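# Working through the structure, step by step
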Amino acid sequence: MSSNKFNQEIISKTEKTFFQKLVSEQSFWVSIALLGICFMMFFVEDAFSSKDNLFNITRNFSFIGIMAIGMTFVIITAGIDLSVGSIMGVTGVICGLFLDAQYLPEWYSKAAYFEGIYVWVAIFLALLAGVIVGAVNGYLIAYLKLSPFVVTLGMMAIARSLALVVSNNKMFYEFGPKDEMFYEIGGGSIFGVANATWLLIILTIVMGLVLKFTSYGRHVYAVGSNKKAAELSGINTRWIEMSVYMISGLFAAISAVMIVGWMGSVTNALGYTYELRVIAATVIGGANLMGGVGGTFGAFIGAALMETIRNSLLMAGIDPYWQGTFLGLFIVGAVWLEKVKNKKN
Amino acid sequence: MTILSLKNIEKNFGAIQALTGVSFDINEAETVGLMGDNGAGKSTLLKIIAGNFKPSSGEIVFENNEVDFEKPIDARKSGIEVVYQDLALCNHLTAASNVFLGREIQKGVWPFKYLDYPAMFKKSAELFEELKSETRPKDLVMQMSGGQRQAVAIARTRLTDPKLVLMDEPTAAISVRQVAEVLDLIKRLKDQGIAVLLISHRMPDIFEVCEKLVVLRRGEKVCEKKIKDSSTEEATGLITGAIDRI
């Protein structure tokens, strides 16, 4: 009995209290900063807290946030995916192509336009394309041991060019007889919150649970923390590494489908330079480029902070040309903060 | 009873002959110290037993069966656990997660399987208690001392019921007080009837916990005798080559 009690005591003890743990999380401080900015803007600028503006902000950061969740998995394994913007482009174009009757064979249109099946087919093919591109990235990185930076840089060029090839530099905007349904998926809202935001919230929770409560999630951290140890423990590290790029590709495609639905059209330029914003959101949210650290809530809050700052700067009347400067400063600042924190440890 | 028996193990990496005709036995619950200078072939031998390498020739008999491991996981499945020199721990995970890495306790039905944290915390707390270590299951390995890390690495080997634990330099790179802690951990394994093959540079460690001494020099076995019949002077002589062989 005494031994049992001893166990309970030991288990409940940790080096840090809950509060100490909380303040050591970067996402906690980013949340505070976000609240601070919102608080300030609330008093300075009336238009900021208008229902429309808040709706716009949340919807805008959702597209980045969804991709940032996929990127989080990659960065936890100490990888990087520079191709997410281009994957968004090519999957968006594929989605548009399969929605637009004039580019499809007649028999397909006749059959699929019935009851709007074609909408689901187009979405499915876009998501499948995202997974396939991610799988190619992942295979080259995990099995052929090529550097993630180089592989995804190459894929960034390839996927963008494929978007051009597939679209033949045309814009898709005729989405067939059930176009309303497609617009509703990406552009609609439930209870005053954009669908994209709902999707981001759901994915943050679901993928957060996957990371914390499944052995797959633990193995993702293990690969990023000490790949050799993970391998010696019998974990299939290659598959774990490959799968995170598939997740990243899938999430870029999900975001593409949503953004095409919202905008109502798609060109091959979709997602251009988004990789920068996605990586920034992920890193600002606390994911460590050295691997082993990160979470989906961080991706969510990092994306939210960036969009809120962008919006606030616009409202404050600062020339939008400055936005890239701020974005860059934030990326460097987040990495520097990480360094300072690690030194303390 | 003999648990592991090595017969004429040879290993060459191209032109380099790492091991030449090494044979010895390890008995049940016996602690064997494996000594030798740098490059004598200790780690190579350990990696062959652990399934990291295949021997170029020779035979490994484990529990009366000839074995031929393809991967470390095969060795583990048959009851050989390894504590690696660099410990092979994930710094960003908790002690409990490290103990159960790759062998997590799960609940639920696929695809809704989830980790049973309470069970894993309980089991790892029990293992740490058994090892008389003050390691706490929920602490991150990153924040731990060298001795605690050793405890995590050793607790991991106790998850199954291993027959043989291989340890590569477990007392390198830790403080004197922690060395005593680790040697205690090794004695605990022995108390539980587990055989240990201990590689160490530190003569006092071997002489404190081991019953048998095996010395390798340039890939050849030059000594196999009871610790109580040997001395540190003799061991030093054998390692350096001042004494040719016994």
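Note that the coordinates shown come from a computational prediction; the quantities given were computed from them, not determined experimentally.

This part is about the overall build of chain A. The helix and strand tally for chain A stands at 16 helices and 2 strands. Here the C-alpha atoms of chain A give a radius of gyration of 22 Å, agreeing with the 20 Å that 2.2 N^0.38 yields for 345 residues. Over its C-alpha atoms, taken along the principal directions, chain A stretches across nearly 75 × 55 × 40 Å. For chain A, buried positions account for 47% of its 345 residues. Summarising the internal contacts of chain A: among those between residues at least 6 apart in sequence, 80% fall at separations of at least 24.

The next subject is the overall build of chain B. Scanning chain B from N- to C-terminus turns up 8 helices and 12 strands. Within chain B, the fraction of its 246 residues that count as buried is 48%. Counted over contacts in chain B with a minimum sequence separation of 6, partners at least 24 positions apart contribute 65%.

This brings us to the interface of chain A and chain B. If you look at the interface, chain A gives 26 residues, while chain B gives 29 residues. Looking at the side of chain A that touches chain B, the elements that each hand over two or more residues are helix 1 (2-12), helix 11 (215-225) and helix 12 (227-232) of chain A. Taken together, the residues of the side of chain A that touches chain B sort by class into 11 nonpolar, 11 polar and 4 charged.

On to the nonpolar core, then. Within the largest apolar cluster, 168 residues are counted, with the highest numbers of intra-cluster contacts made by Met67, Cys95, Ala126, Ala253 and Ala256 of chain A together with Leu166 and Leu198 of chain B. The greatest single-element share of this core, amounting to 16 residues, is contributed by helix 13 (residues 237-263) of chain A. Here this core gathers at least three residues from each of two domains, domain 1 (1-79 + 161-167 + 185-196 + 206-246) and domain 2 (89-159) of chain B. When sequence neighbours within four positions are dropped, the list of residues in contact with Ala253 of chain A reads Ile87, Thr91, Ala126, Leu127, Ala129 and Gly130 of chain A.

Our next topic: the sheet that holds strand 2 (residues 16-27) of chain B. Residues and elements named next belong to chain B. The sheet built from 4 strands is open, its strands ordered 2-1-4-5 with antiparallel pairing. The open sheet has two edge strands with one neighbour each: strand 2 and strand 5 (65-67). Along the sheet, successive strands turn relative to each other by an average axial angle of 25°, direction set aside. Both strand 1 (residues 2-13) and strand 2 contribute to a ladder of 8 bridges, which runs antiparallel. Its bridge partner lying in strand 2, Thr2 is registered against Asn27.

Glancing now at the domain arrangement of chain B. All names here are of chain B. According to the domain assignment, chain B contains domain 1 (1-79 + 161-167 + 185-196 + 206-246) and domain 2 (89-159). Taken together, the 4 residues of domain 1 in the interface contact 7 residues of domain 2. The residue makeup of the side of domain 1 that touches domain 2, split by class, is 3 nonpolar, no polar and 1 charged.

What follows concerns the confidence of the model for chain A. Summary statistics for chain A give a mean pLDDT of 88 and a share of 94% for residues scoring 70 or more. Helix 13 of chain A holds the highest mean pLDDT among the elements of chain A, 96, whereas helix 1 of chain A holds the lowest, 57.

This part is about the environment of Ser49 of chain A. All names here are of chain A. Looking at the element boundaries, Ser49 is found in the loop between helix 3 (26-44) and helix 4 (51-76). C-alpha of Ser49 to C-alpha of Cys38: the two residues are 11 residues apart in sequence and 8.2 Å apart in space. The residues contacting Ser49, other than those within four sequence positions of it, are Phe42 and Leu54.

Let us now look at the pairing of strand 4 (residues 57-62) of chain B. Residues and elements named next belong to chain B. Pairing of strand 1 with strand 4, which is carried by 5 bridges, proceeds in the antiparallel orientation. Of the residues in strand 4, the one forming a bridge with Ser5 is Val61. With 3 bridges connecting them, strand 4 and strand 5 associate as antiparallel partners. Its bridge partner lying in strand 5, Phe62 is registered against Asn65. The antiparallel pairing of strand 4 with strand 5 creates a hairpin that spans 2 residues between the two strands, and Glu63 there sits at a positive phi of about 50°.

For helix 11 of chain A, a buried count of 9 out of 11 residues is recorded, marking the element as mostly surrounded by other parts of the structure. Looking only at helix 11 of chain A, the buried set comprises Ser215, Arg218, His219, Val220, Tyr221, Ala222, Val223, Gly224 and Ser225 of chain A.

All names here are of chain A. Where helix 4 meets helix 14 (residues 274-284), the closest approach of the two axes is 8 Å, and the angle between their N-to-C directions is 65°. Relative to helix 14, the element helix 4 is oriented roughly perpendicular. By crossing handedness, the relation of helix 4 to helix 14 is classed as right-handed. Where helix 4 approaches helix 14, its residues Ile64, Gly65, Met67, Ala68, Met71, Thr72 and Ile75 are matched on the opposing element by Tyr274, Arg277, Val278, Ile279, Ala281 and Thr282. Here the contact of helix 4 with helix 14 is built from residues that sort into 9 nonpolar, 3 polar and 1 charged.

This brings us to the environment of Leu216 of chain B. Residues and elements named next belong to chain B. If you trace the backbone, Leu216 turns up in strand 11 (residues 212-217). Assessed through the 26 C-beta atoms surrounding it within 10 Å, Leu216 is described here as buried. Sequence separation between Leu216 and Ile3 is 213 residues, and the spatial gap between their C-alpha atoms is 21 Å. If we ignore the near neighbours within four places in the chain, the residues touching Leu216 are Leu34, Gly36, Ala40, Gly41, Lys42 and Lys221.

It is worth spelling out the confidence of the model for chain B at this point. Chain-level pLDDT for chain B is 87 on average; 100% of the residues reach the 70-or-more range. Averaged over each element, pLDDT in chain B is lowest for helix 6 (residues 176-191) of chain B (84) and highest for strand 10 (residues 195-199) of chain B (93).

What follows deals with unusual backbone geometry. Cis geometry marks the peptide bond from Trp110 of chain B to Pro111 of chain B; its omega dihedral reads 0°. With respect to the element layout, Pro111 of chain B can be found in the loop between strand 7 (106-107) and strand 8 (114-115). Phi is positive for Ala78 of chain A, close to 70°, though the residue is something other than glycine. Look at Phe191 of chain A: it is not a glycine, yet its phi comes out positive at around 55°. Structurally, Phe191 of chain A can be placed in the loop between strand 1 (189-190) and strand 2 (193-194).

Residue and element names in this part refer to chain A. Where helix 11 contacts helix 13, the axes come no closer than 10 Å and their chain directions differ by 100°. Taken together, the axes of helix 11 and helix 13 lie roughly perpendicular to each other. Across the interface between the two elements, His219, Val220 and Val223 from helix 11 touch Thr237, Ile240, Glu241 and Val244 from helix 13. When grouped by side-chain class, the residues that make up the contact of helix 11 with helix 13 number 4 nonpolar, 2 polar and 1 charged.

Cut-offs used in this document
Residues numbered from 1 in each chain as written. Chains lettered and ligands numbered in written order. Predicted model: local features only at pLDDT ≥ 70, side-chain atom pairs only at ≥ 80, totals over all residues. Helix = DSSP H or I, 4+ residues; strand = E, 2+ residues; numbered from the N terminus. Rg over C-alpha atoms; globule rule 2.2 N^0.38 Å. Buried ≥ 20, exposed ≤ 12 C-beta atoms within 10 Å, placed from the backbone. Contact = placed C-beta atoms within 7 Å. Nonpolar A, V, L, I, M, F, W, Y, C, P; charged D, E, K, R; others polar. Core = buried A, V, L, I, M, F, W, Y, C linked by C-beta atoms within 7 Å. Domains from an automatic or database assignment. Pairing = 2+ DSSP bridges. Axes fitted to C-alpha atoms, helices over the stretch in contact; angles between N-to-C directions. pLDDT = per-residue confidence, 0-100. Parallel < 35°, antiparallel > 145°, perpendicular 65-115°, else oblique. Left-handed = near helix turned anticlockwise from the far one by under 90°.

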